[in-house]
Amino acid sequence: MFIIKTLALFLLTALAEIIGCYLPYRWLRKDGTAWLLAPAVLSLALFAWLLSLHPTASGRVYAAYGGVYISVALIWLWRVDGVRPGAWDLVGVAMCLLGMAIIMLGART
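The paragraphs below set out a description of the structure included in this document. Predicted, not measured: the structure shown is a model, and the values here were computed from it.

Considerations on the layout of surface pockets
Piece 1. Taken as a whole, the largest pocket encloses approximately 160 Å³ of empty space.
Piece 2. Taken together, Phe2, Ile3, Thr6, Leu7, Phe10, Met100, Ala101, Met104 and Leu105 make up the lining of the largest pocket.
Piece 3. At five residues, the largest contribution of residues to the lining of the largest pocket is made by helix α1 (residues 2-29).
Piece 4. Tallied by class, the residues present in the lining of the largest pocket amount to eight nonpolar, one polar and no charged.

Here's the deal with the nonpolar core
Piece 1. Within the largest apolar cluster, 17 residues are counted, with the highest numbers of intra-cluster contacts made by Phe10, Val68 and Met100.
Piece 2. For this core, the secondary-structure elements that each account for two or more residues are α1, α2 (37-52), α3 (58-79) and α4 (87-105).
Piece 3. Filtering out sequence-adjacent residues up to four positions away, Phe10 remains in contact with His54, Val61, Ala64, Tyr65, Val68, Met100 and Met104.

Digging into the packing of α1 against α2
Piece 1. For the pair α1 and α2, the least separation of the axes is 8 Å and the interaxial angle reads 155°. One element, α1, and the other, α2, form an angle in the roughly antiparallel class. Handedness of the α1/α2 crossing: left-handed. On the side of α1, the interface is formed by Leu9, Leu12, Thr13, Ala16, Glu17, Ile19, Gly20, Cys21, Leu23, Pro24 and Trp27, while α2 contributes Leu37, Pro39, Ala40, Ser43, Leu44, Leu46, Phe47, Leu50 and Leu51.
Piece 2. Looking at the contact of α1 with α2 residue by residue, the classes come out as 16 nonpolar, three polar and one charged.

Side note on unusual backbone geometry
What is expected of a backbone is that most residues other than glycine have negative phi and most peptide bonds are trans.
Piece 1. Its identity as a non-glycine residue notwithstanding, Asp31 has a phi of 55°, on the positive side.
Piece 2. Mapping Asp31 onto the fold places it in the loop between α1 and α2.

Some details on α2
Spacing of three or four residues puts side chains on the same side of an α-helix, whose turn is 3.6 residues.
Piece 1. For α2, spanning 16 residues, the distance from its first C-alpha to its last is 23 Å, which sits close to the expected 22 Å at 1.5 Å a residue.
Piece 2. Taken residue by residue, α2 has Ala40, Ser43, Phe47, Leu50 and Leu51 as its buried positions. Looking straight down α2, one finds that the buried residues subtend no more than 100° of arc, so they occupy a single side. Facing away from the buried side of α2, by more than 90 degrees, are the exposed residues Val41, Leu42, Trp49 and Ser52.

Points about the packing of aromatic side chains
The relation between two aromatic rings is expressed through the spacing of the ring centres and the mutual angle of the planes.
Piece 1. Evaluated as defined, the whole model comprises five aromatic pairs.
Piece 2. Ring geometry for Tyr22 against Tyr25: centres 6.0 Å apart, planes inclined by 35°, an arrangement best described as tilted. Of this pair, Tyr22 and Tyr25 are both found in helix α1, three residues apart, which corresponds to roughly one turn of the helix.
Piece 3. In this structure an aromatic cluster arises from ring pairing among Phe10, Phe47, Tyr65 and Tyr69.
Piece 4. Across from the ring centre of Trp78, 4.3 Å away, lies the NZ or CZ of Arg79, which sits over that ring.

Quick look at a nonpolar patch on the surface
Piece 1. A surface patch of nonpolar side chains, about 350 Å² in accessible area, is lined by Phe2, Ile3 and Leu105.
Piece 2. Turning to its location among the elements, Ile3 is positioned in helix α1.
Piece 3. With a relative accessible area of 52%, Ile3 lands in the exposed category.

Here is what the cut-offs are and how they apply
- Every residue gets a number counted from 1 within its own chain, in the order that chain's sequence is written.
- At least 70 in pLDDT is required for a residue's local features to be given in this predicted model, at least 80 for side-chain atom pairs to be given and counted, and no such filter applies to totals for whole chains, interfaces and linings, which use all residues.
- Only hydrogens and water are set aside; all other atoms, that is, all heavy atoms of the structure, feed into the side-chain values.
- Cavity: a set of points on a 1 Å grid over the protein atoms alone where a 1.4 Å probe fits but cannot get out. Pocket: an open set with protein on both sides within 12 Å along at least five of seven lines, its lining residues, like those of a cavity, having an atom within 4 Å of a point.
- Grid points are joined across faces, edges and corners, and a volume is the space filled by probe spheres set on the points.
- By definition, any uninterrupted DSSP run of H or I lasting at least four residues is a helix, any uninterrupted run of E lasting at least two residues is a strand, and each is numbered from the N terminus.
- Side-chain classes follow a simple rule in which Ala, Val, Leu, Ile, Met, Phe, Trp, Tyr, Cys and Pro form the nonpolar group, Asp, Glu, Lys and Arg form the charged group, and the remainder, Gly included, forms the polar group.
- By convention a nonpolar core is built from buried Ala, Val, Leu, Ile, Met, Phe, Trp, Tyr and Cys residues, the set being connected through side-chain atoms within 4.5 Å.
- Relative accessibility under 20% of the residue-type maximum defines a buried residue, over 50% an exposed one, and the middle range a partly exposed one, all with a 1.4 Å probe and only protein chains included.
- Contact criterion: two residues are considered in contact whenever any of their non-hydrogen atoms come within 4.5 Å of each other.
- In this analysis, axes come from line fits to C-alpha atoms, helices being fitted only over the stretch in contact, and the angle between any two N-to-C directions falls in the range 0 to 180 degrees.
- Should an angle fall under 35 degrees it is taken as roughly parallel, and over 145 as roughly antiparallel, whereas 65 to 115 is taken as roughly perpendicular and any remaining angle as oblique.
- If you view the pair so one helix is near and one far, a crossing is left-handed when the near helix is turned anticlockwise from the far one by less than a right angle, and right-handed when it is turned clockwise.
- By this rule, a helix spans an expected 1.5 Å times one less than how many residues it contains.
- Starting at the helix axis, one direction is taken to each C-beta atom, and the arc is that of these directions.
- Stacked, tilted and edge-to-face pairs are distinguished by plane angle, under 30 degrees for stacked and over 60 for edge-to-face with tilted covering the rest, among Phe, Tyr and Trp rings (Trp via its six-membered ring) whose centres lie within 6.5 Å.
- Over a ring means this: the NZ of a Lys or the CZ of an Arg is within 6 Å of the ring centre and within 35 degrees of the ring normal.
- Patches were defined on residues exceeding 30% relative accessible area and lacking a salt bridge, with like-charge contacts within 9 Å and nonpolar side-chain contacts (Val, Leu, Ile, Met, Phe, Trp, Tyr) within 5 Å.
- A 1.4 Å probe and the Shrake-Rupley method give the accessible areas. Residues count as covered only by the protein chains that appear here.
- In what follows, salt bridge is the name for a side-chain nitrogen of Lys or Arg lying within 4 Å of a carboxyl oxygen of Asp or Glu.

Just distances and angles here, no functional claims.
Written as structure tokens, this is what we have:
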């Protein structure tokens with residue numbers, strides 16, 4: 001159950017970060033309204049708070065979180081931007097998730 005909770009927390013953290021970065025992008029590059037900055041700030045604040053909830057040393061969390069972030073970013077690419085990830089994207093995500101698993105589940109010395 002601990003692993004499922006940690007993975008869910010990683011997913012929420014990644015989503016908060018991506019939304020917090022995507023909204024200013026929409027404002028700057030896609031003729032969005034400046035009002036997009038308000039939810040972007042809230043989303044990035046949520047992201048920072050969620051990072052503080054992770055159950056292990058911050059450096060390890062940031063390293064492992066990177067694998068989940070990359071995975072969520074590719075899902076975002078597909079579902080929001082409408083660009084289907086290619087085979088190399090999927091290989092890269094698999095490698096990142098393997099690295100995340102090694103970092104989070106590996107033996108501690």
